[in-house]
Amino acid sequence: MRGPHSSAAGFALLTALVLAAAGCSAGDDAADANPESSAPVAYAPYVNASTASGTDTAGSPTAYNLAFVIASDDGCVPAWDGVQDVDDAHVTSRIAALTRTGADVRVSFGGAHGDELAAVCDTAEELAEAYGAALDAAGATRADFDIEGDELTDPASVDRRSEAIALLQEERDGLEVTFTLPVMPSGLDEESLALLESANDHDVEVATVNVMTMNYAESYDGDMGDYALTAARSAHAQLRDVFGLSEAEAWRGMALTPMLGVNDVENETFTLEDAEQVRAFAEDHGVAWVSVWSAFRDRPCDGDGADDPLADCSGVEQEAGEFGDTLAG
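Residues numbered from 1 in each chain as written. Predicted model: local features only at pLDDT ≥ 70, side-chain atom pairs only at ≥ 80, totals over all residues. Heavy atoms only, no water.

Colleague: Summarise the layout of surface pockets; cite the residues concerned and give the values.
Modeller: Put simply, the largest pocket is a space of about 720 Å³. Lining of the largest pocket is provided by 33 residues; of these, Phe-68, Gly-111, Ala-112, His-113 and Trp-293 occupy positions nearest its centre. For the lining of the largest pocket, the secondary structure elements donating two or more residues are β2 (46-48), β3 (63-72) and β8 (176-182). Looking at the lining of the largest pocket element by element, the count peaks at three residues for β3. For the lining of the largest pocket, the per-class residue count stands at 19 nonpolar, ten polar and four charged. Quantified by volume, the second largest pocket comes out at close to 180 Å³. (1 Å grid on protein atoms, 1.4 Å probe; cavity = no way out; pocket = protein on both sides within 12 Å on 5 of 7 lines; lining within 4 Å. Points joined across faces, edges and corners; volume = space filled by probe spheres on them. Helix = DSSP H or I, 4+ residues; strand = E, 2+ residues; numbered from the N terminus. Nonpolar A, V, L, I, M, F, W, Y, C, P; charged D, E, K, R; others polar.)

Colleague: So what's going on with the state of the cysteines? Residues and values would help.
Modeller: All told, the structure shown has two disulfides when counted by the stated rule. Bridging Cys-76 to Cys-121, the disulfide has an S-S length of 1.9 Å. Classification of the bridge connecting Cys-76 and Cys-121 rests on its S-S torsion, roughly 90 degrees, and on that basis the disulfide is right-handed. One end of the pair, Cys-76, is in strand β4 (residues 75-80); the other, Cys-121, is in the loop between β6 (104-110) and α2 (124-138), and 45 residues separate them in sequence. Residue classification places Cys-121 among the buried residues on the basis of a relative accessible area of 2%. (Disulfide = S-S within 2.5 Å. Buried < 20%, exposed > 50% of the residue type's maximum accessible area, 1.4 Å probe, protein only.)

Colleague: Report on the packing of α2 against helix α3 (residues 155-171), specifying residues and quantitative values.
Modeller: Their axes nearest at 8 Å, the elements α2 and α3 cross at an angle of 60 degrees. Classified by the interaxial angle, the pair formed by α2 and α3 is oblique. In this structure, the crossing between α2 and α3 has a hand that is right-handed. Of α3, the residues touching α2 (which contributes Ala-124, Glu-125, Leu-127, Ala-128, Tyr-131, Gly-132 and Leu-135) are Arg-160, Arg-161, Glu-163, Ala-164, Leu-167 and Leu-168. Considered class by class, the residues forming the contact of α2 with α3 number eight nonpolar, one polar and four charged. (Axes fitted to C-alpha atoms, helices over the stretch in contact; angles between N-to-C directions. Parallel < 35°, antiparallel > 145°, perpendicular 65-115°, else oblique. Left-handed = near helix turned anticlockwise from the far one by under 90°. Contact = heavy atoms within 4.5 Å.)

Spelled out as structure tokens, the structure:
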């Protein structure tokens, strides 16, 4: 990985595009809080793009992250979950219902399953067209690129994606771009940093880097709230170092996404107390927005064992929508 850039201009974490900043510092975080922050931290949960949930609106989200657009079986063709046309009437009707609440929508490309379009499309031009088709169908001016697993370790698709996003931003004035990346308490890994450097090299304007504070490893068996804060501080230092940002700019260029309740790693459980901790931290430091995976899991599991706590519910004691209310502040 290359060393620090001499200027932040190429990468341009656009503070003008960041959703929000936050309030005064307090407690143990006072030393590294952001004293310049003043606006409320936005709440933008991940939701299923095709299926409504009774907990979608918990916390009155400012925006919704629509999960997920990936490649269909037809190749370089965008589809929800790889199977549903991006202009499917059922999906567009659902998106319209979400935006009628006054919230915006962000199309999330990628995720943990299936093929991200950059791995399938042959050229940056074709890829930009595929991304644009999904954005147009959703009526969205915000794009999230959730890159993880094999897609994160493929330099060719990483650069193709960066080039395609740059083309999109040339065509679409004000297109807001977020990269959602895995993180550890030690921070972003080498592949994630290389992805951000690729974006920098292609003059992509990135509004936020959204770190997934979840699923660390079985060796991490402590407090998930503490781990989330440690991961955020580590990533913050990396953004400052790699892109030459001030403390305030780096916080305003960050978003935080925990996985509520039980995580995919067996010994990890993110509690409501952890959610309170993350929300307070975000406000103290002026983080752009907080999210959660996911709104449709924000409810207790049914007692008959029919629910899967990794897909349908949280696996912890809670009221329906309580994580959303807590993370929204």
